[in-house]
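What follows is each chain in one-letter form.
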Amino acid sequence: MDVPRAPLFARLLVGASLALTVITAGFGVHSVADWRANMQGRSVREQRASVSGVAWFRTEFTGLLDRLEEVLPPGARLLVEPAAGPALAASGERLGSPPRWFLPLTHYAWPVRVYVRRPEQAVIFFTYESWLDHHFEVLDIDGGGPATPEAVRLAAEDERAIDEHGIEWRLRIPTWPFSMGGLRLDRRVDGAWVEQADFPRPEWGA
Amino acid sequence: MAALACALLAWLIGHTVLGLCRPTRRRGLVELEATAVLVGLALLCVLFTNVVLAVGALTPAVGTGLALLLALPGLFLLRGNRAAARPLETTARPWSPGQRLLLVAISGFGALAIFAAASSPVQGFDALFHYAYKGQLIFHEGIGGEAWTSGTGAVGRIMTHPNYPPGVPLLEVVVGYLRGAFDEDAARPLWSLFALAPAGLLYSALRARGRTPALLGALVWISLPLLYYWRLPNGDSLLATYGLVFGYEAGAARFPEAGPWQRAASWNLDATAGLPLAAFLFGGYRCLAHARAATGDRADVMCGGLLLAGALLAKNEGLALVPLVILVLALAPGRPGGGGAGPDRTVGLGRLALVALLAGALVAVWFVARQGLPSVDEGYGARLTPAGLADSLGRVREVTGTFARAFGNVLLWNLLWPLFGCALLWALRRPRRLLGHEALPAALVVLGATGIFFAVMLVTPWDIYELEGTGVPSRLLFQVAPLAVFAAFALLWEPADEPPQSRN
């Protein structure tokens, strides 16, 4: 080697740091083995399914994608809204949880265009509860509808925007407790939402 | 295959740029090729940002044609560029067994970088929703349509950070052009170039200090755990180490009661923008450092401008880091870029100004278009005010704690930060020498960036510990990691006395 020109402590520190690379090298070796066991020769979908801890690779989500692809025409405009109570905080559910599936849907369901009300609130996690409040407290979508004049005005504003965007489909995703059977797809017919009765798969459960 | 084709095109495009600039500074082959790859990638970001903004979504045929058009001259300029580079080592000392071992280790980690990037689907939240989704939109709809602008209305499409720069999504789009359809997974292997090229640049930047420190510096970078994973197999550090060395399944079998076990995965090779930003910024820094020195040439100015434009288009943090690099190099004393007397200071500053102007001009169209896009984010610009910072002083202790834990997290960083800190303290023994030291600007950029990230974390609306749980501030510090490696090794190792012509 070249004549070392660094102080002893530096050479020791670099040596210790390089010793730690054994850990990363171990990761590399196991990654290769893991890949051979779980991914080699598999389809992208199977590869994704083998990745743990990623909500949008879960079979429930990919099953939903399949079903939407069967039902919706290409380029359909789909409004996603929450259903059932806004118990997010209590549920401990996070970014990729079913209630926020509108995020992965917007990417993976393309060319379906995914819309939400108040997208600015929906997209940032710490304003997500305000987004739920808009649906459940202001618009009261799971109750009797908007009660105050201000809520009626906001609901009308939303309806106008839905018309302007040409949105014809609506997917309601239960927040908490979540169940696949609770998913509901509606189609807008003459200004009214009509449930597509055959949407949830029977095996998803009621 | 499309990613490989894109890598080849980027490399040839880089040679087009280098060849057309008729460089007068002799570069080593390693520096030449690493620069060519990064410059090619940066030019792809710059070119397609401007073209898509001007004419909208391109067909794959047009996109491929444009890339080929830029790459074609590179085919003819390649031989001349390589011939003008310094010859392979013929007079240097022979490689020692230790150096050969280091080279094997670098090659092994280089192979791991390629494998890790190519073997998994894109999976992280940021990688998918900040970048891949936008890539899909750019491929099909262009930039600035309804998907980008309706996010602040009563009803609209969702987009995280619509005004984030489009450089990284566009790299995925270019791979889409080559294969005729968009697929973020197909573009993921391209990210290995952002790990390999800085290793080459580090080697060439440190080569004047001897082959061993040059190899060590490259190895410290390419073996950084944060390149390969951020999510550890277990919440406990010792168990996580066991899971990394022996596999998470072995960990789960051996210690089933020790909480959930998971596969270590996901960070910068998962197609996020931190790694491209780190690579472009370091490449740009090296070009600027050469440009202001006596040996600087047109290629340094042109490549520096392109690489800094790439950094600006990679990530919003580039908006702070690029001016920081330019400012530090403009103000710092010393003669970075190798030996020899520096040029007249005015000439050096003039070249820096040229680089800054070039980078600004290349991204100007994007920044004009950006004004029409909503931010939909945490609003850091409005929070980073004297009043905002003063209001957040109560969090100094918490934020300091998160930085201390990040600097000391050997499972993500090995010992890079202790090495950087010790190098700085060591150099401070001789402050006058430090003032003129080649590595001082790099160290100052790292310190300045750390200060900026600290301020951002002070004012963030997020809960600090929640943010720490997502890998911050390590994810931010990673953007200056190549600069930290360079500064640490350059401060600790004296230049060797080998004849310069033997270095490569």
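This text follows the structure it describes.
K.L.:
For the packing of helix α1 (residues 8–38) of chain A against helix α4 (residues 97–119) of chain B, give the residues involved together with the corresponding values.
P.N.:
Where α1(A) contacts α4(B), the two axes come as close as 11 Å, and the packing angle between them is 40°. Considering their axes alone, α1(A) and α4(B) lie oblique with respect to each other. Relative to α4(B), the crossing made by α1(A) is left-handed. Two secondary-structure elements touch here, α1(A) through A:L18, A:T21, A:T24, A:A25, A:G28, A:S31, A:V32 and A:W35 and α4(B) through B:L102, B:F109, B:L112, B:F115 and B:S119. Of the residues belonging to the contact of α1(A) with α4(B), the class tally is 8 nonpolar, 5 polar and no charged.

K.L.:
How would you summarise the interface of chain B and chain A if you had to cite specific residues and measurements?
P.N.:
Of the residues lining the interface, 81 residues belong to chain B; the matching set on chain A comes to 67 residues. Interface area for chain B against chain A, summed over the two sides, is near 6,200 Å², with a carbon-plus-sulfur share of 67%. Among the residues of chain B in contact with chain A, B:V155, B:I158 and B:R263 are the three that bury the most area, contributing 12% of the side total. Applying the counting criterion to the chain B and chain A interface returns 5 salt bridges. B:E141 is the salt-bridge partner of A:R113, the closest N and O atoms lying 3.3 Å from each other. The tally of links between chain B and chain A comes to 20 residue pairs in polar contact (both at pLDDT 80 or more). Here the side of chain B that touches chain A gets 9 residues from one element, more than from any other, and that element is helix α5 (residues 125–141) of chain B. Among the residues forming the side of chain B that touches chain A, the class breakdown is 44 nonpolar, 22 polar and 15 charged. The sheet contact formed by strand β2 (residues 113–117) of chain A and strand β1 (residues 155–157) of chain B spans 3 bridges and is antiparallel. Residue A:Y115 lies in a different strand from β1(B), and its bridge partner there is B:R157.

K.L.:
Could you give me a rundown of the pairing of strand β1 (residues 77–83) of chain A, with the residues and numbers involved?
P.N.:
Residues and elements named next belong to chain A. Across the 7 residues of β1, 6 count as buried, placing the element largely inside the fold. One ladder, built from 3 bridges, connects β1 with β2; its direction is parallel. Residue pairing for β2: L79 is matched across the bridge by Y115. With 6 bridges connecting them, β1 and strand β3 (residues 169–174) associate as parallel partners. Note that in β3 the partner of P82 across the bridge is I173.

K.L.:
Lay out the packing of aromatic side chains in plain terms, naming residues and giving numbers.
P.N.:
Residue and element names in this part refer to chain B. Overall, the coordinates contain 30 aromatic pairs over all chains when judged by the stated rule. Aromatic pair Y242 and F246: ring centres 4.7 Å apart, planes at 45°, arrangement tilted. In this pair, Y242 and F246 are both assigned in helix α12 (residues 237–246), 4 residues apart and thus about one turn of the helix distant. An aromatic cluster is present here, built from W221, F403, F407, W413, W417, F420, F454 and F478 joined pairwise through their rings. Above the ring of W426, the side-chain terminus of R429 is found at 3.6 Å from the ring centroid.

Thresholds, definitions, all that
Residues numbered from 1 in each chain as written. Chains lettered and ligands numbered in written order. Predicted model: local features only at pLDDT ≥ 70, side-chain atom pairs only at ≥ 80, totals over all residues. Heavy atoms only, no water. Axes fitted to C-alpha atoms, helices over the stretch in contact; angles between N-to-C directions. Helix = DSSP H or I, 4+ residues; strand = E, 2+ residues; numbered from the N terminus. Parallel < 35°, antiparallel > 145°, perpendicular 65-115°, else oblique. Left-handed = near helix turned anticlockwise from the far one by under 90°. Contact = heavy atoms within 4.5 Å. Nonpolar A, V, L, I, M, F, W, Y, C, P; charged D, E, K, R; others polar. Buried area = accessible area lost by both parts, 1.4 Å probe. Salt bridge = Lys/Arg side-chain N within 4 Å of Asp/Glu carboxyl O. Polar contact = N/O pair within 3.5 Å; in protein donor to acceptor, adjacent residues only side chain to side chain. Pairing = 2+ DSSP bridges. Buried < 20%, exposed > 50% of the residue type's maximum accessible area, 1.4 Å probe, protein only. Phe/Tyr/Trp six-rings, centres within 6.5 Å; stacked < 30°, edge-to-face > 60°. Lys NZ or Arg CZ within 6 Å of the ring centre and 35° of its normal.

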